[in-house]
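If you want the building blocks of each chain, they are given just below.
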Amino acid sequence: MKKYWIGTSWKMNFTLDEAISYAKGLAFALTAEPELAVRAQPFVIPPMTALVSVSQELGARSERPGGLKLGVQNAHWEDSGAWTGEISVPQAVDAGAEIVEIGHSERREFFNETIRTTRLKVLAALRHSAIPLLCVGEPLEVRDRGGAAEYILSQAAGALRGLSAAQLNAVLIAYEPIWAIGSTGRPAEVYELEEPLRALREHFGNGIQGLLYGGSVSLGNAQELMAIDILDGLFVGRAAWTLEGYLELLRAAPAPRVTGASS
Ligand code: PGA
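Residues numbered from 1 in each chain as written. Predicted model: local features only at pLDDT ≥ 70, side-chain atom pairs only at ≥ 80, totals over all residues. Heavy atoms only, no water.

### Focus: the overall build of the chain
Next, step 1: The secondary structure content of the chain amounts to 12 helices and eight strands.
Next, step 2: For the chain, the C-alpha radius of gyration of 17 Å lies close to 18 Å, the compact-globule estimate for 263 residues.
Next, step 3: Projected onto its principal axes, the C-alpha coordinates of the chain cover approximately 45 × 45 × 35 Å.
Next, step 4: A separation threshold of at least 6 residues defines the contact pool for the chain, and within that pool the share at least 24 residues apart is 76%.
Next, step 5: With the model as given, the accessible surface of the chain reaches about 11,500 Å², and the carbon-plus-sulfur share is 54%. (Helix = DSSP H or I, 4+ residues; strand = E, 2+ residues; numbered from the N terminus. Rg over C-alpha atoms; globule rule 2.2 N^0.38 Å. Contact = heavy atoms within 4.5 Å. Areas by Shrake-Rupley, 256 points an atom, 1.4 Å probe, with all protein chains shown as cover.)

What follows is the structure in structure tokens.
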């Protein structure tokens, strides 16, 4: 039975004190309320500065309450070397990460992330047994001219090109339309997500570990989004930046789908 992925990236937020206090509260809640992680597979992606402290609060990978997984928001494709300002996947894993977020639209837009670099990063994550969380999403002008599905398929197929079935099986894809992300974004209506999500699902079938949605997810729209039967989870920003907000989303997780999402 597949659990429903519900995770959050804290992006460039939280001091160490704030991160530790969130992590302590989360560890407490997942221990005191084990039912929180019966339907949900929780994951948290702190900023690099807080990863080690958060990991220490939550315990060794196999012992984290609720099976919580930690991740990083980015990692380089090389294992080490003269890459000033970067961190590698082995460093991220050493610091407690199990997930490597790759290709978020903010990184594509402001940090020159391309299909080529996302592909190299997916391979690096897989080399070190981390879960690549590949984000794809179209800008508004592409959506307006009817090209959303084609655009995100080319991002996903490009980054995942040449993977074996076993490698693909480790990958999470998050569909995050750029126009729906962040405080300047407009929350998507469920009908607007159907075609692009279906295109990804038809292309990858059940060969990937999960298909997630992200972009202005909130308690207000979580139920509707969770009712989309080809989705395996939600990737959340602002609504989960308070612990209570995140816990409420975990509480709302749908019942495990016996056969996994249909293709
Ligand atoms: P948001 O961020 O939920 O704050 O819109 C989502 C994301 O960027 O993944």
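### Considerations on the packing of helix α8 (residues 148-159) against helix α10 (residues 190-204)
Next, step 1: Between α8 and α10, whose axes approach to 9 Å, the crossing angle comes to 40 degrees. Comparing their axes, α10 and α8 come out oblique. Of the two possible hands of crossing, α8 and α10 adopt the one that is right-handed. Here A148, A149, I152, L153, A156 and A157 of α8 come into contact with α10, specifically with E195, P196, A199, L200, H203 and F204.
Next, step 2: Across the contact of α8 with α10, the residue classes break down as 10 nonpolar, one polar and one charged. (Axes fitted to C-alpha atoms, helices over the stretch in contact; angles between N-to-C directions. Parallel < 35°, antiparallel > 145°, perpendicular 65-115°, else oblique. Left-handed = near helix turned anticlockwise from the far one by under 90°. Nonpolar A, V, L, I, M, F, W, Y, C, P; charged D, E, K, R; others polar.)

### Some words on the site of the ligand
Next, step 1: Neighbouring the ligand are the residues K11, H104, E176, I181, G182, G215, S216, V217, G237 and R238.
Next, step 2: The separation between an oxygen atom of the ligand and a polar side-chain atom of E176 is 2.8 Å.
Next, step 3: Here the shell around the ligand is built from residues that sort into two nonpolar, five polar and three charged. (Near = heavy atom within 4 Å. Polar contact = N/O pair within 3.5 Å; in protein donor to acceptor, adjacent residues only side chain to side chain.)

### Considerations on the layout of surface pockets
Next, step 1: Estimates place the volume of the largest pocket at around 540 Å³.
Next, step 2: Every residue lining the largest pocket is counted, 18 residues in all, and those nearest its centre are M12, Q73, N74, R107 and F111.
Next, step 3: When residues of the lining of the largest pocket are traced back to their parent elements, those giving at least two are α3 (48-58) and α5 (105-110).
Next, step 4: Class assignment of the residues belonging to the lining of the largest pocket gives a composition of seven nonpolar, six polar and five charged. (1 Å grid on protein atoms, 1.4 Å probe; cavity = no way out; pocket = protein on both sides within 12 Å on 5 of 7 lines; lining within 4 Å. Points joined across faces, edges and corners; volume = space filled by probe spheres on them.)

### What to know about the side chain of K121
Next, step 1: Its place among the elements puts K121 in helix α6 (residues 115-127).
Next, step 2: Residue classification places K121 among the buried positions, given a relative accessible area of 5%.
Next, step 3: Aside from chain neighbours lying at most four places away, what touches K121 is N74, A75, H76, W77, I102 and E113. (Buried < 20%, exposed > 50% of the residue type's maximum accessible area, 1.4 Å probe, protein only.)

### Points about the nonpolar core
Next, step 1: In this structure, I6, L160, I173, L200, Y213 and L234 are the most contacted members of the largest nonpolar core, which totals 72 residues.
Next, step 2: A per-element tally of this core places helix α1 (residues 16-32) first, with seven residues.
Next, step 3: Setting aside residues up to four positions removed in sequence, L160 forms contacts with V122, L134, L168, V171, I173 and F204.
Next, step 4: L133, L172, A174 and L212 belong to the second-largest nonpolar core, a separate cluster that totals 11 residues. (Core = buried A, V, L, I, M, F, W, Y, C linked by side-chain atoms within 4.5 Å.)

### Some thoughts on the sheet that holds strand β7 (residues 210-214)
Next, step 1: Spatial ordering of the closed barrel is given by β1-β2-β3-β4-β5-β6-β7-β8, a layout of eight strands whose pairing is parallel. Strand-to-strand, the axes of this sheet are offset by a mean angle of 25 degrees, without reference to chain direction.
Next, step 2: Sheet topology note: the strand β6 (residues 172-175)/β7 ladder contains four bridges and is parallel. Opposite Y175, over in β7, you have Y213 as the bridge partner.
Next, step 3: In this fold α6 packs onto β4 (99-102) and β5 (131-136), with an angle of close to 160 degrees to the strand it touches most, β5.
Next, step 4: Packing against the sheet, α10 makes contact with β5, β6 and β7, and its axis sits at approximately 160 degrees to β6. (Pairing = 2+ DSSP bridges.)

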